[in-house]
Amino acid sequence: MFPGSPARLRPTVPLHVLLPLARPGVVLGIWSRACGRPAAIRCRGPGGLRHLLAAEDLGYLLRRCGEVAVRDGERVTPVPAGVLLGWRVLEIVLAAPYLPSPDQLRALFPRARVREGVLALPIGLGSAEEALAVCAVERLPVAATRITYLAGKR
């Protein structure tokens, strides 16, 4: 399951595939690029009412849903929101040309992966701001940041 990062659902995934994944009483997030604005969907099904919330923004879904449907290869898989939060990685693009050596970066961030000016720091439920504060104190020039989600090995 998940050789790398979970992916958004393709816009062509039909609703009848998603409805059985939704459990009664749990809002299922639908992470799809096809949503211009968040959309709530409610349907009756065996065992009770099903609630789906579709949006482009994974962070929006993680704050509002118990599970989020993501793409694992070509399969659609519901993943608990807490598990997805644990997969969060802060990627920090360091400003060139004066980059610290990989050893210096590993001394500051022991769990980080360093490659070609990008520091990938698993933050899980932690705060991106804490890592960026360390960069500021150490005077590491930051050009850009982004949050990605990388599944751990199972």
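Up top you'll find the structure we're talking about.
Conventions we followed
For every chain, the first residue of the written sequence is number 1, and numbering continues from 1 along that sequence. For a predicted model such as this one, the threshold for reporting local features is a pLDDT of at least 70, and the threshold for listing and counting side-chain atom pairs is 80 or more; totals across whole chains, interfaces and linings nevertheless cover every residue. The side-chain quantities take in all heavy atoms of the structure and omit both hydrogens and water. Salt bridges are identified by distance alone: a Lys or Arg side-chain nitrogen within 4 Å of an Asp or Glu carboxyl oxygen. Numbering of helices and strands starts at the N terminus; helices are DSSP runs of H or I of at least 4 residues and strands are runs of E of at least 2. Here's how the labels work: a residue is buried when its accessible area is under 20% of the maximum for its type, exposed when over 50%, partly exposed in between, all with a 1.4 Å probe on protein chains only. Two strands make a pair as long as DSSP finds a minimum of two bridges between them. What counts as an axis is a line fitted to C-alpha atoms, over the stretch in contact for a helix, and the angles between N-to-C directions run from 0 to 180 degrees. Contact between two residues is taken to exist if any of their heavy atoms lie within 4.5 Å; hydrogens are not considered.

Asker: Give me the pattern of salt bridges: which residues, what numbers.
Answerer: By the definition in use, this model includes five salt bridges. The shortest N-O distance in the salt bridge between Arg 10 and Glu 74 comes to 2.9 Å. Of this pair, Arg 10 sits in the segment before helix H1 (15-18) while Glu 74 sits in the loop between strand S4 (67-72) and strand S5 (75-80), and the two are 64 residues apart along the sequence. One salt bridge in this structure joins Arg 146 and Glu 91, with 2.6 Å as the shortest N-O distance. Of this pair, Arg 146 sits in strand S9 (residues 142-149) while Glu 91 sits in strand S6 (residues 88-94), and the two are 55 residues apart along the sequence. On the basis of relative accessibility, which here comes to 42%, the residue Arg 146 falls in the partly exposed class.

Asker: If you had to explain the sheet that holds strand S1 (residues 27-31) to someone new, which residues and values would you point to?
Answerer: Taken in spatial order, the five strands make up an open sheet running S2-S3-S1-S4-S5, and their pairing is mixed. Looking at which strands have only one partner, the edges of the open sheet turn out to be strand S2 (39-45) and S5. The mean inter-strand angle of the sheet, taken between neighbouring strand axes irrespective of direction, is 30°. Bridge analysis of S1 against S4 gives three bridges, and the strand direction is parallel. Along S4, the bridge assignment pairs Leu 28 with Glu 67.

Asker: Residue-level account of the sheet that holds strand S8 (residues 118-122), with values.
Answerer: Within a beta sheet, neighbouring strands are joined by backbone hydrogen bonds and run either parallel or antiparallel to one another. As summarised here, the arrangement of the four strands in space is S7-S8-S6-S9, forming an open sheet in which the pairing is antiparallel. Each edge of the open sheet is held by one strand with a lone partner, namely strand S7 (113-115) and S9. Here the strands of the sheet are splayed against their neighbours by 20° on average, with no regard to which way each runs. Of the pairings in the sheet, the one linking S7 to S8 comprises three bridges and is antiparallel in character. In the sheet register, Arg 115 faces S8, and the bridge partner there is Val 118. Contacts between helix H5 (residues 128-137) and the sheet are confined to S6, S8 and S9, with S6 contributing the most and set at about 25° to the helix.

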